[in-house]
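Here is what each chain is made of, one letter per residue.
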Amino acid sequence: MAERKKDMSEYELPDKQKKALDNWITLNILPQKTPEKPYASYALKLLFEESPDGFFITNPQFKEAMIRCGFSPVNKNKLNWDFRVSLKSPDLKKSK
């Protein structure tokens, strides 16, 4: 049986979607220096998907976007990366 190629769509997004996702992160997620309450990549991904301009993305696509936007994960060895995100972030306030 031939080895299956890794699905590029797991990581790659069309440029238009990449820009929309990066823009949403930049406008809605604020960085926090102290690790008071980190937010998991999967939870943040769901916030994006539920936003007015959101669309379905994979967790790896979201994690890559967070890196592009200057966020560093607390621990890259976990499946869902935790990010230091301010509780004052606009979309986090709406979700409470």
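Residues numbered from 1 in each chain as written. Predicted model: local features only at pLDDT ≥ 70, side-chain atom pairs only at ≥ 80, totals over all residues. Heavy atoms only, no water.

Following the criterion strictly, the structure yields four aromatic pairs and no others. Summarising the aromatic geometry, the rings of F71 and F83 are spaced 6.5 Å apart at their centres and angled 90° between planes, so their arrangement reads as edge-to-face. Here the residue F71 occupies a position in the loop between helix 3 (59–68) and strand 2 (82–83), and F83 occupies one in strand 2, the gap between them amounting to twelve residues. In this structure F71 comes out as buried when scored by relative accessible area, which is 9%. Three or more aromatic residues joined by ring pairs form one cluster here, namely W24, F48 and F55. (Phe/Tyr/Trp six-rings, centres within 6.5 Å; stacked < 30°, edge-to-face > 60°. Helix = DSSP H or I, 4+ residues; strand = E, 2+ residues; numbered from the N terminus. Buried < 20%, exposed > 50% of the residue type's maximum accessible area, 1.4 Å probe, protein only.)

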